[in-house]
Amino acid sequence: MRVVKPLALLSPDAAHLRPLQMAERTRREPIVPVLGRPPRVHLWHIGCQMNDADREDLAEQLADIGFVPEVALEDADLAVLITCAVRQNAEQKVYGKFKELVPWKQRRRGRAIALTGCMGVEHGSALLDRLPELDYVFDVRESDGFMAKLQALYAADLDGAVALPASDRLSAYVPVIGGCNEMCTYCIVPFVRGRESSRTVEQVVEDVRALVSRGVREVTLLGQNVNSYRCPRSGAGLPELMHAVDAVEGLARMRFLTSHPRNASPGLFEAMRDLGTACEQLHLPVQAGDDELLRRMRRVYTVEHYLDIIGRARAAVPDLALTTDIIVGFSGETEAEFLGTEKLMRDVRFDTVHLAAYSVRPGTAAARRPDDVPREEKKRRLNHLLALQREIAQERNAAWVGREVEVLVEGLAEDGRAYGRTRQGKVAHLPAGAAQPGELHRATVQAASAWQLDAVCPRADARRGGTPPRHHSALEYAE
Ligand code: SAM
Ligand code: SF4
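All of the points below concern the structure found in this document. In this convention, every chain numbers its residues from 1, walking through the sequence in written order. Think of it this way: whatever chain is written first is A, whatever ligand is written first is 1, and the rest follow in order. Residues qualify for local features only when their pLDDT is at least 70, as the model is predicted, and side-chain atom pairs are given and counted only at 80 or more; totals for whole chains, interfaces and linings, by contrast, use all residues. Side-chain figures throughout are based on the complete set of non-hydrogen atoms in the structure, without hydrogens or water.

1. Here's the deal with the overall build of the protein chain
Where helices and strands are cited, they refer to DSSP runs of H or I of at least four residues and of E of at least two residues respectively, numbered from the N terminus. Tallying secondary structure elements over the protein chain gives 13 helices and 19 strands in all. Classification of the 479 residues of the protein chain by burial places 55% in the buried group. Total accessible area on the protein chain is roughly 19800 Å²; 50% of this is exposed by carbon and sulfur atoms. With a 1.4 Å probe rolled over the protein chains alone, any residue whose accessible area is under 20% of its type maximum counts as buried; one over 50% counts as exposed, and the rest are partly exposed. The accessible surface values rely on the Shrake-Rupley method and a 1.4 Å probe; as for residues, cover is taken only from the protein chains in view.

Laid out in structure tokens, this is it:
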């Protein structure tokens, strides 16, 4: 599943964010000894769903050229880090992971480390100077050069494409548009992910068909700005794309992520209402609840406009779950502006809020303004909104008690209970013996917390163990 991903158009603010195809450490000796078997790769990623999708794409590319991807670190010859640069905190986690890899690399001659993703574009080959054990940096949107390099280095050990193990995945991400044209003042994404570029309806439908034939029942159409999707061949927008995907036989559910309020059209809500596979879940990042703050963030809408969109979405789509992203402590955020965000949360009553403290990103327009909300104050504001959202999520989930939900069962927990998600994206547990992975169940909610629902349904037959999904359905937090 290859996505056409254009290189970044750089603003004068971000001249250091140069697109890079691949950089490697220069050395006299080749680093790779002959292994006598296909080389093995450990993949690690952090960040948004785009990075999940990039990881799957890289695994396929590596298997195509004869590498065994997705092995445990200890068994690997090459480690690839797929990184995130959205907040400083994410970068620190990458440096932490890299530190772990250094003794791993030193334990056996010939091991190598590669880095890609948003930090690769942000820092480029300077990372090779900063991290002496790093061997390669490449742009995940332009991975051909890196793949060619690997083929040349490991030529003696490659023996044709390697089959990827059969996957028991029930849901999958399908990138439909790359990049972002918005230029919100705080955000590095447009610099590291480039301008928007959509795939054709036909390419997306072909991917969905292939996934369904491999057992996938739910797809999430993906883009940083997914609702500005425009088919380069037909000009179709996201609603038309959803119609085409909905028609794929065997598909049970479809979601889409992440939408920008600018392009939240009535046609989109009509498609959500009318299409059987379209789930009742809308992620619509608001970022702040004050017009002046939104203006400084360059979000191109007002609070009133946002509330109007939410009103229309809720009127069109019954039982809609609404989720959002909010930043606290943005440059110059006053107490009154912060209270505007609190009020917006109380007024809208989101199902989930991804809360983050503002983190200065070099090269962005906001980096030229002072980062003047003290760290402790950002933390206070963050914790305040977290506590508020916990209450709201508890109440919103409690409103499902006694009602019927549809659960796509994803696995069985150690205690035998089945777990999965409702159409609203909420994690739900079913009693031990009630359901098997891959099944769709109508179930009645009996209890609810801020994090999940407990539901019952008729039928008994449980066997396998597994790990429950992370709870995205109540609230999330990033510092
Ligand atoms: N395109 C989406 C939108 O319009 O909101 C979101 C994509 S962005 C990768 C995911 C989230 O990261 C944003 O919604 C924002 O809340 C958060 N984010 C981006 N830059 C940030 C920064 N400098 N500091 C804190 N959070 C940030
Ligand atoms: Fe970043 Fe704004 Fe684009 Fe979202 S819309 S990726 S927040 S620039």
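From this point, the discussion proceeds with the structure in view.
2. Section: the sheet that holds strand β3 (residues 78-83)
Pairing between strands is defined by DSSP: at least two bridges between them are needed. Taking strand neighbours across the sheet as the criterion, the 5 strands line up as β1-β5-β4-β3-β2 in an open arrangement whose pairing is mixed. The outermost strands of the open sheet, each flanked by one partner alone, are β1 (22-24) and β2 (41-45). Each strand axis lies, on average, 15° off the axis of its neighbour in the sheet, ignoring direction. Sheet analysis places strand β4 (residues 112-117) next to strand β5 (residues 136-138), joined by 2 bridges and oriented parallel. Bridging from a neighbouring strand, L115 pairs with V137 of β5. Should any heavy atoms of two residues lie within 4.5 Å, those residues are counted as being in contact. With axes taken as lines fitted to C-alpha atoms, and helix axes fitted only over the stretch in contact, angles between N-to-C directions fall between 0 and 180 degrees. Helix-sheet contacts for helix α2 (residues 88-107) involve β2, β3 and β4, and the interaxial angle to β3 is about 175°.

3. A look at the nonpolar core
Only buried Ala, Val, Leu, Ile, Met, Phe, Trp, Tyr and Cys residues count toward a nonpolar core, and they belong to the same one when joined by side-chain atoms within 4.5 Å. Ranked by internal contacts, the top residues of the largest apolar core, which has 73 residues, are V219, L221, M242 and V245. When sequence neighbours within four positions are dropped, the list of residues in contact with V245 reads V204, V205, V208, V219, L221, L251 and M254. By size, the runner-up hydrophobic cluster in this structure holds 28 residues, among which are I46, V94, V137 and F191.

4. Section: the sheet that holds strand β6 (residues 171-175)
Here we have 3 strands laid out as an open sheet, ordered β6-β9-β10, and parallel in their pairing. Of all the strands in the sheet, just β6 and β10 (253-257) have a single pairing partner and so form its edges. Each adjacent strand pair in this sheet contributes to an overall mean axis angle of 25°, direction not counted. Pairing of β6 with strand β9 (residues 218-222) involves 5 bridges; the strand directions are parallel. Bridging across to β9, V174 finds its partner in L221. Together, β6 and β9 form the strand contacts of helix α7 (residues 201-213), whose direction differs from that of β6 by roughly 165°.

5. Here we look at the environment of E142
Assignment of secondary structure puts E142 in the loop between β5 and α5 (144-153). Overall, E142 belongs to the partly exposed group, its relative accessible area being 23%. For the pair E142 and M22, spaced 120 residues apart in sequence, the C-alpha separation works out to 8.2 Å.

6. Focus: the site of ligand 1
When at least one non-hydrogen atom of a residue lies within 4 Å of a molecule or strand, that residue is treated as near it. Taken together, 17 residues lie around ligand 1, and Y186, Q224, Q287, D325 and S359 are the ones closest in. At a separation of 3.1 Å, a nitrogen atom of ligand 1 approaches a polar side-chain atom of R87. Whenever a nitrogen or oxygen atom comes within 3.5 Å of another N or O atom, the pair is scored as a polar contact, on the condition that within protein one atom can donate a hydrogen and the other can accept it, and that pairs from neighbouring residues in sequence are kept only if both atoms are in side chains. Between ligand 1 and D325 there is a distance of 2.5 Å, counted from an oxygen atom to a side-chain nitrogen or oxygen. When the free accessible area of ligand 1 is taken as 560 Å², the share hidden by the protein chains comes to 90%. Tallied by class, residues from the shell around ligand 1 come to 8 nonpolar, 5 polar and 4 charged. All residues other than Ala, Val, Leu, Ile, Met, Phe, Trp, Tyr, Cys, Pro, Asp, Glu, Lys and Arg, Gly among them, are scored as polar; the first ten of these are nonpolar and the last four charged.

7. Here's the deal with helix α8 (residues 238-246)
Turning to α8, its buried residues number three or more, namely L238, P239, L241, M242 and V245. Projected down its long axis, α8 carries its buried residues within an arc of 160°, all on one side. Tucked inside the fold, the buried residues of α8 contact α7, β9, β10 and α9 (266-274). The reported arc concerns the directions from the helix axis to the C-beta atoms and nothing else.

8. Observations regarding the packing of aromatic side chains
Put simply, two rings from Phe, Tyr or Trp (the six-membered ring, in Trp's case) pair if the centres are within 6.5 Å, and we call them stacked under 30 degrees between planes, edge-to-face over 60, tilted for the rest. Following the criterion strictly, the structure yields 7 aromatic pairs and no others. Ring geometry for Y301 versus Y306: centroids 6.0 Å apart, planes at 35°, classification tilted. The exposure classification of Y301 matches that of Y306, with both residues buried. On the numbers, 4.8 Å between centres and 70° between planes, the contact of F330 with Y358 is edge-to-face. Of this pair, F330 sits in the loop between β12 (321-328) and α12 (335-348) while Y358 is found in the loop between β13 (352-357) and α13 (375-398), placing the two residues 28 residues apart along the sequence. Like Y358, F330 is buried. The positively charged end of R403 is found above the aromatic ring belonging to W400, 4.5 Å away from the centroid. By definition here, charges over rings are those cases where NZ of Lys or CZ of Arg is within 6 Å of the ring centre and within 35 degrees of the ring normal.

9. Regarding α13
Structural remark: α-helix, 3.6 residues per turn; residues separated by three or four positions point the same way. One less than the number of residues in a helix, times 1.5 Å, gives the span that helix is expected to have. Here α13 spans 34 Å end to end across 24 residues, near enough to the 34 Å set by a 1.5 Å rise per residue. Residues of α13 that are buried include every one of K378, R381, L382, L385, L386, L388, Q389, I392, A393 and N397, and no others.

10. Concerning the packing of α8 against α9
The contact between α8 and α9 brings their axes to 8 Å, and the two run at 20°. Considering their axes alone, α8 and α9 lie roughly parallel with respect to each other. The two elements α8 and α9 cross, and the hand of that crossing is left-handed. For the pair formed by α8 and α9, the contact residues are L238, P239, M242 and H243 on the first element and G267, L268, A271 and M272 on the second. A per-class count over the contact of α8 with α9 returns 6 nonpolar, 2 polar and no charged. If an angle is under 35 degrees, it is roughly parallel; if it is over 145, roughly antiparallel; if it lies from 65 to 115, roughly perpendicular; otherwise it is oblique. With the far helix as reference, a near helix turned anticlockwise by less than a right angle produces a left-handed crossing, and one turned clockwise produces a right-handed crossing.

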